[in-house]
2 protein chains.
Amino acid sequence: MKDIQIGMMGLGTVGSGVLKMIQDNEGKIVNITGCRLHVKTIVVHNTHKRRSVPLWDTYLTDNFDELLHDPGIPIVVEVMGGIHPAKERIAALLKAKKHVVTANKNLIATDGPELTKLAADNGVDLVYEASVAGGIPILRTITNSFPADKILEVRGIVNGTTNYILTKMNDDHLSYQQALKQAQDLGFAEADPTNDVAGFDAAYKMIILSQFSFGTRLTIDDLHVEGIENITSDDIKQADSFGYVIKLIGIARRVKESVFAEVAPVLVPKGTPLATVSNERNAVMVTGQAVGDVLFYGPGAGGLPTANSVLSDIIAVTQNIATGTTGHQFNNYRQQYQPASPDDVRYRYYLSLTMKDVPGEMLHLTKIFADVSASFQTIVQTATADGFARMAIITHQLSQRQLRELQAAVQQSPNNSLKLNAAYKVLEK
Amino acid sequence: MKDIQIGMMGLGTVGSGVLKMIQDNEGKIVNITGCRLHVKTIVVHNTHKRRSVPLWDTYLTDNFDELLHDPGIPIVVEVMGGIHPAKERIAALLKAKKHVVTANKNLIATDGPELTKLAADNGVDLVYEASVAGGIPILRTITNSFPADKILEVRGIVNGTTNYILTKMNDDHLSYQQALKQAQDLGFAEADPTNDVAGFDAAYKMIILSQFSFGTRLTIDDLHVEGIENITSDDIKQADSFGYVIKLIGIARRVKESVFAEVAPVLVPKGTPLATVSNERNAVMVTGQAVGDVLFYGPGAGGLPTANSVLSDIIAVTQNIATGTTGHQFNNYRQQYQPASPDDVRYRYYLSLTMKDVPGEMLHLTKIFADVSASFQTIVQTATADGFARMAIITHQLSQRQLRELQAAVQQSPNNSLKLNAAYKVLEK
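Just so it is clear, the model here is predicted, and its values are computed rather than measured.

Visitor: Mind showing me how you'd approach the overall build of chain A here?
Guide: Broken down by element type, chain A carries 14 helices and 17 strands. Burial statistics for chain A: of 429 residues in total, 59% are counted as buried. Sequence separation of at least 24 residues holds for 74% of the intrachain contacts in chain A that already meet a minimum separation of 6. Of the roughly 16700 Å² of accessible surface on chain A, 49% is carried by carbon and sulfur atoms.

Here it is, written out as structure tokens:
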């Protein structure tokens, strides 16, 4: 039996999960791979801190060089997070011909192509299943299970924090601020929650999913990113009465031969699988030309689920070492990227407007719609106390261009008589 | 660039889908694998029949030997179905050192171990992703994505025909016979639907899923198999009013160090992902000790979805050929199987009973429950026209042994005053 020594950088929730899973499941791993895994060295900030998982004969050090220069360690796991010094260390490890497994989504979304090339140049593996949707095995599955299908769309709930907040707003009628506070108290949201609630975390994951699905290399600037901070309890209630739940959805889809990608709040029809994804869970729907809709649902984060994805990577690399087939890219699909034309991207929209409750304003609104050739499917007007009416509208399909024209026209209303508070896509049943 | 010649047996819906996908997606396949796939020879019953897909330079023959003895064909796809002569042909192909991809669930569930051994002895691949849940990539995902996790349970909706019938009974209030007729008219059910509606098709899939999840080799006799033929509109309505939908669920789970496996109607709580799986779609939930619940949802059958799974197998074999790593088992996890003790398998149950509407019968029923230490959670009594009352009960958790004792006691009721019409498991939210 072959012993494979593992190095690790970071021993937080995920790192502890990896260590524990390797300790607990030795029998199954040997049964399947014929190899015994052992975590030899872990680089941490503080070697004296008490750890929740027994270390046995694993050696802790704060000196990265002890890992880098150990010829007995072929595989290193990076679960320290952050761009620096993770990037520099991974680069040094790849140059030292070590295989790297990372769960670092921000790093892969921004510097993935550079590090992937470095891995290929050095004939070693760089894999990162855990970087998207924690415990859901989505990247390896796209690579291995749809290689001959033309993927048309990948969309989903890929941020657990925002899904937790939206679930609480929907189910327990909390305000955004109350739900955020609860998420922070429970450790689902950070003290500064911007990265999650503004949609950036989800956007990084969509960049990686787009690469696997379409072969494109998007950057964060290629995506329209809108967070959940402006969703009101009124929107949630109104969507509910229309038969929808509001979710933060990442969408990346082929539109003709181009790709449209964004992260934004979306109305999802109740009774469809995505609508049942609650709390911190994630789900990704892949639509293939041949296969149709396939949904993957599970824990989007958490120590052990993410550790499971890291372990699937470690074992894939172990098998590559055993069969002498390392150095192949995790996903080598490459296509030129063209952003989609705003004329070609069409959706129904939920619009929330406030309107001065005076004669003529409804005519003003309908004229704006007529001017951009947009039409209503449903419209609900409720008076508010302060002389304004609240309009909730579901439109028929609009192109992005029509929506922008409509937004611009509303903004130019004289005396701010009309205000557009929200414009969210509406998914079909 | 390497050209890989493919042979095929059968050119029905799935075979045509495979041929079409290879024709349509040549560019992506070359991009990813560096190989060009070409279907060289297809063995069919009738070489003169008109085909829905263009054959280009693919050669049709009714002589299996032309495929078997062609040294230019390293991979053969079996999509003819049935046990004989598929089994003998696959055996001959493996002995001739050809890799085999099959979608044949019945064959793999019954003769998988024998054929797997034959493949290993000859150093070739035998893969069968399409044999379970059509377009859902579940087998390769269990193998590749949970190798280090202890899988606790795999359960799901793995038969599209029965799920279609139950959806129509639930949503459109059809009777079982009406829904079956509709499924037959639409081609979702066969003229003799027994294999589907009696649960055997689902049971074969659970045998394969159990092998991948637990390393066990069950036979059809190890499973309790109950179909949907006896589900009434009353049961559907009653379950609905309790907050559940009735689904035909395959369950395979660890109970202590043994495995419990069955296929039977089950009450699934509304609002959970499995409850939203409608019509002919399938879904499989894998519960891992580390990862928790992960759900895979998609088309359970159909030409193109199933063809996509066949293609993922062909490409996996192609990559193994390119890297010189053929001959490894699709899943080599092996564990001794122990059937679970009926004392250890505990569920809540939905019971439907008819009871003579006379004084003392309710006492009789409650005494039976007390005798086996079972208790009610919910009980609803409705009078029927013919002097009988209908009782719908949700119990607290019962062991299988308690349920059997309860069933036996009801059966021994004097004058058939009490009759148990259904006993279905109730899943927790």
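Back to the text.
Visitor: Help me understand the nonpolar core in this model?
Guide: Where a protein is soluble and globular, its nonpolar side chains tend to be buried together. Counting 221 residues, the largest nonpolar core has Ile138, Leu209 and Ile314 of chain A together with Ile138, Leu209 and Ile314 of chain B as its most contacted members. Ranked by size, the runner-up nonpolar core spans 72 residues in total, among them Ala340, Leu406 and Leu427 of chain A together with Tyr349 of chain B.

Visitor: What should I look at first to understand the packing of aromatic side chains in this one?
Guide: Within this structure, the stated rule accounts for 16 aromatic pairs over all chains. Taken together, a centroid distance of 4.4 Å and an interplanar angle of 50° make the contact between Phe369 of chain A and Phe376 of chain A tilted. By relative accessible area, Phe376 of chain A is classed as partly exposed at 24%. Their ring planes at 80° and their centres at 5.2 Å tell us that Phe212 of chain B and Phe330 of chain B sit as a pair that is edge-to-face. Of this pair, Phe212 of chain B sits in helix α10 (residues 200–214) while Phe330 of chain B is found in the loop between α12 (303–323) and β13 (346–356), placing the two residues 118 residues apart along the sequence.

Visitor: Explanation requested: the UniProt feature "binding site: NADPH" (unreviewed entry) in chain A in the structure shown.
Guide: Residues and elements named next belong to chain A. The feature "binding site: NADPH" (unreviewed entry), as annotated in UniProt, sits at Lys105 in this numbering. Mapped onto the fold, Lys105 is located in helix α5 (residues 105–121). Using a relative accessible area of 17% as the deciding quantity, one classes Lys105 as buried. Excluding residues that lie within four positions of it along the chain, Lys105 makes contacts with Ser131, Asp201, Tyr204, Lys205 and Ile208.

Visitor: I keep staring at the environment of Gln184 of chain A and nothing clicks. Help me out?
Guide: Residue and element names in this part refer to chain A. As for its placement among the helices and strands, Gln184 is situated in helix α8 (residues 176–185). When its relative accessible area of 26% is taken as the criterion, Gln184 is described as partly exposed. Along the sequence, Gln184 and Ile314 sit 130 residues apart, while their C-alpha atoms lie 32 Å from each other. Dropping the residues within four chain positions of it, Gln184 is found in contact with Ala189, Glu190, Ala191 and Pro193.

Visitor: Help me out: how do you make sense of the sheet that holds strand β1 (residues 2–9) of chain B in this one?
Guide: Adjacent strands of a sheet form backbone hydrogen bonds with each other and so pair up, either parallel or antiparallel. All names here are of chain B. Here we have six strands laid out as an open sheet, ordered β3-β2-β1-β4-β5-β6, and parallel in their pairing. For this open sheet the edge positions go to β3 (59–61) and β6 (126–127), each flanked by a neighbour on one side alone. Bridge count between strand β5 (residues 99–102) and β6: two bridges; the pairing is parallel. What sits directly across from Val101, in β6, is Val127. Against the sheet, helix α4 (residues 86–95) engages β1, β2 (35–43), β4 (75–78), β5 and β6, with an angle of about 150° to β5.

Visitor: Sorry if this is basic, but what is going on with the pattern of salt bridges here?
Guide: Should the charged atoms of two oppositely charged side chains come close, the side chains can pair. Within this structure, the stated rule accounts for 44 salt bridges over all chains. Measuring nitrogen to oxygen at the nearest pair gives 2.8 Å for the salt bridge that ties Lys105 of chain B to Asp201 of chain B. Here Asp201 of chain B lies in helix α10 and Lys105 of chain B lies in helix α5 (residues 105–121), a separation of 96 residues in the sequence. Residue classification places Asp201 of chain B among the buried positions, given a relative accessible area of 5%. A salt bridge links Arg390 of chain B to Asp234 of chain B; the nearest nitrogen and oxygen atoms lie 3.7 Å apart. Of this pair, Arg390 of chain B sits in strand β15 (residues 388–395) while Asp234 of chain B sits in helix α11 (residues 233–242), placing them 156 residues apart in sequence. Put simply, Asp3, Glu26 and Arg36 of chain A are held in one network by salt bridges that share partners.

Visitor: It is not clear to me how the sheet that holds strand β6 (residues 126–127) of chain A should be interpreted in this structure. Could you clarify?
Guide: Residues and elements named next belong to chain A. Pairing is parallel across the open sheet formed by six strands, whose spatial order is β3-β2-β1-β4-β5-β6. Two strands close off the open sheet at either side, each with one partner strand: β3 (59–61) and β6. Inspection of the sheet shows strand β1 (residues 2–9) paired to strand β2 (residues 35–43) by eight bridges, in the parallel sense. If you follow Asp3 over to β2, its bridge partner there is Arg36.

Visitor: Sorry if this is basic, but what is going on with the packing of α4 of chain B against α5 of chain B here?
Guide: Working note: a packed helix pair is described by the angle between its axes plus the distance between those axes. Residues and elements named next belong to chain B. The N-to-C vectors of α4 and α5 enclose an angle of 15°; their axes lie 10 Å apart at closest approach. It follows that α4 is roughly parallel to α5 by the angle criterion. By crossing handedness, the relation of α4 to α5 is classed as right-handed. In this structure, α4 contributes Ala86, Lys87, Ile90, Ala91, Leu94 and Lys95 to the contact, and α5 contributes Leu107, Asp111, Glu114, Leu115, Leu118 and Ala119. Residues belonging to the contact of α4 with α5 are distributed by class as follows: eight nonpolar, no polar and four charged.

Visitor: Looking at this model, I keep getting lost on the relation of the copies chain B and chain A. Mind explaining?
Guide: These two copies of the chain differ by a rotation about an axis and a displacement along the same axis. Expressed as a screw transformation, the operator carrying chain B onto chain A has a rotation angle of 180° and an axial translation of 0.0 Å, and the superposed copies differ by an RMSD of 0.0 Å. Overall, the copies show the geometry of a two-fold rotation axis. Closest approach to the rotation axis among the C-alpha atoms of chain B is made by Phe296 of chain B, whose C-alpha sits 2.4 Å away. Looking at chain B, 100% of its interface residues are interface residues in chain A too, so the copies touch through the same face.

Visitor: Explanation requested: the environment of Lys237 of chain B in the structure shown.
Guide: By the element assignment, Lys237 of chain B lies in helix α11. For the pair Lys237 of chain B and Met169 of chain B, spaced 68 residues apart in sequence, the C-alpha separation works out to 9.3 Å.

Visitor: I tried to follow the packing of α5 of chain B against α10 of chain B on my own but got confused; where do I start?
Guide: Residues and elements named next belong to chain B. The geometry of α5 relative to α10 is characterised by a closest axis approach of 9 Å and an angle of 50° between their N-to-C directions. Our classification of the angle between α5 and α10 gives oblique. In this structure, α5 meets α10 at a crossing whose hand is left-handed. Contacts from Lys105, Asn106, Ile108, Ala109 and Thr110 in α5 reach Asp201, Tyr204, Lys205, Ile207 and Ile208 in α10.

Visitor: Which parts of the structure should I look at to understand the UniProt feature "domain: ACT" (unreviewed entry) in chain A?
Guide: Under the UniProt annotation, "domain: ACT" (unreviewed entry) lies at residues 350–425 of chain A. Taken end to end, residues 350–425 of chain A is 30% helix and 43% strand, and its first and last C-alpha atoms sit 6 Å apart.

Conventions used here
Residues numbered from 1 in each chain as written. Chains lettered and ligands numbered in written order. Predicted model: local features only at pLDDT ≥ 70, side-chain atom pairs only at ≥ 80, totals over all residues. Heavy atoms only, no water. Helix = DSSP H or I, 4+ residues; strand = E, 2+ residues; numbered from the N terminus. Buried < 20%, exposed > 50% of the residue type's maximum accessible area, 1.4 Å probe, protein only. Contact = heavy atoms within 4.5 Å. Areas by Shrake-Rupley, 256 points an atom, 1.4 Å probe, with all protein chains shown as cover. Core = buried A, V, L, I, M, F, W, Y, C linked by side-chain atoms within 4.5 Å. Phe/Tyr/Trp six-rings, centres within 6.5 Å; stacked < 30°, edge-to-face > 60°. UniProt positions renumbered as here; feature names shortened; annotations may be inferred. Pairing = 2+ DSSP bridges. Axes fitted to C-alpha atoms, helices over the stretch in contact; angles between N-to-C directions. Salt bridge = Lys/Arg side-chain N within 4 Å of Asp/Glu carboxyl O. Parallel < 35°, antiparallel > 145°, perpendicular 65-115°, else oblique. Left-handed = near helix turned anticlockwise from the far one by under 90°. Nonpolar A, V, L, I, M, F, W, Y, C, P; charged D, E, K, R; others polar. Least-squares fit on C-alpha atoms with pLDDT ≥ 70 in both.

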